[in-house]
Amino acid sequence: MLERWLRIELRHLFALEAVAEEGSFSSAGSRLGYVQSAVSHQIAALETIVGRRLVIRSRGSKPVALTPEGRILYSHAKTILARVRAAEADLAGDPAGDTLVVGSFQTISSRIVARVLQRLVGEVHVRLIEHTTEVGLVEQLTEGTIDVAFTEGPLPEGPYDAVELFEDPYVLVTSAGSELAEAGVAPTLRDVAALPLVGHSAARPRLVRHLEARGLDPTFVVHSDVNATIQSVVRNGVAHAVVPRFSVDETDDEVVVLPLDPPDAIEPRVMLLAWNTDRALDRPITRFVDATLEVCAALDLAVTS
């Protein structure tokens, strides 16, 4: 049995991963740089080696799916491939280990990372990679393109560790001249759903899920993930926005921030600083984590749950 399994190659596992995540042989081929037939051949070879059917092949536009045996092997393959990617990142990285690649996004960069860098001047060299949102940063940890990432909890299964930084409640932002602002009353989710709203992208579904779970049908007049755009839309009276409080520029006197009723009507997000525990290269993560916690404490940010 073991002799047969020794015939498994990494390319077989990469093919299985791609098919599982892309849902088709053609898309998996595009991801891996193979033609469709090559992916099919890799999967067929893997099935022969393990002696189990791994993929349910379909015709037409229906996506392919993994068999129960395929899902089991895929879960093990993810672990193996994560270690391969970690090894690749370590060998391709800074041999001296004195450069830390940090993944961040919007307000976190301007309000937290900037202060962390100030504390680390002369100690740690940081290369900052910024996204509009936290989406995709954890995947970059796995791929080894970043060393630490600011993201939302909970973390998915994988080779990750993290520290909790602070809890960030959702609030309603409205223009200073609106009836809501003048009333100053915390709105319920039913009140919120009756308003014209700024929505987020499909990759950030928390607001929609909370409303739909309560049978509410919100009206989104515009969608954006850019904090400055969202606040400008609100400032000009086009719509209202339900957003994490930390993303709001509360120095803007043309908007008013109202808590929800109850304040946790939408589950607050917990911000994390995470890293890949499979990475072996010694990097100054501990000092960066310590400095980040110091900054969050200085800003009076904390996890309250």
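Look above for the structure.
Remember, predicted model here, so these are calculated numbers, not experimental data.

J.: So what's going on with the sheet that holds strand S5 (residues 148-152)? Residues and values would help.
T.: Note: strands within a sheet are paired through backbone hydrogen bonds, in either parallel or antiparallel orientation. Pairing is mixed across the open sheet formed by 5 strands, whose spatial order is S4-S3-S5-S12-S6. A single partner strand is all that each edge strand has here, and the edge strands are strand S4 (125-131) and strand S6 (160-168). Strand after strand, the sheet turns through a mean of 25° between neighbouring axes, direction not considered. With 2 bridges joining them, strand S3 (residues 99-105) and S5 adopt parallel strand pairing. Looking at S5, one finds that Gly103 is bridged to Ala149. Sheet strands touched by helix H12 (residues 285-298): S3, S4, S5, S6 and strand S12 (269-276). Its angle to S6, the strand with the most contacts, is close to 10°.

J.: A description of the nonpolar core should follow, citing residues and the corresponding values.
T.: In this structure, Ile108, Ile112, Phe150, Phe166 and Phe288 are the most contacted members of the largest nonpolar core, which totals 34 residues. Residue assignment for this core shows that the elements contributing at least two residues are S3, helix H6 (106-119), helix H7 (137-143), S5, S6, S12 and H12. The greatest single-element share of this core, amounting to 6 residues, is contributed by H12. In contact with Ile112, other than residues within four places in its own chain, are Thr107, Phe150, Phe166, Phe246, Thr292, Val295, Cys296, Leu299 and Leu301.

Cut-off values and rules
- Residues numbered from 1 in each chain as written.
- Predicted model: local features only at pLDDT ≥ 70, side-chain atom pairs only at ≥ 80, totals over all residues.
- Heavy atoms only, no water.
- Pairing = 2+ DSSP bridges.
- Helix = DSSP H or I, 4+ residues; strand = E, 2+ residues; numbered from the N terminus.
- Axes fitted to C-alpha atoms, helices over the stretch in contact; angles between N-to-C directions.
- Contact = heavy atoms within 4.5 Å.
- Core = buried A, V, L, I, M, F, W, Y, C linked by side-chain atoms within 4.5 Å.
- Buried < 20%, exposed > 50% of the residue type's maximum accessible area, 1.4 Å probe, protein only.

In short, geometric facts, not functional conclusions.
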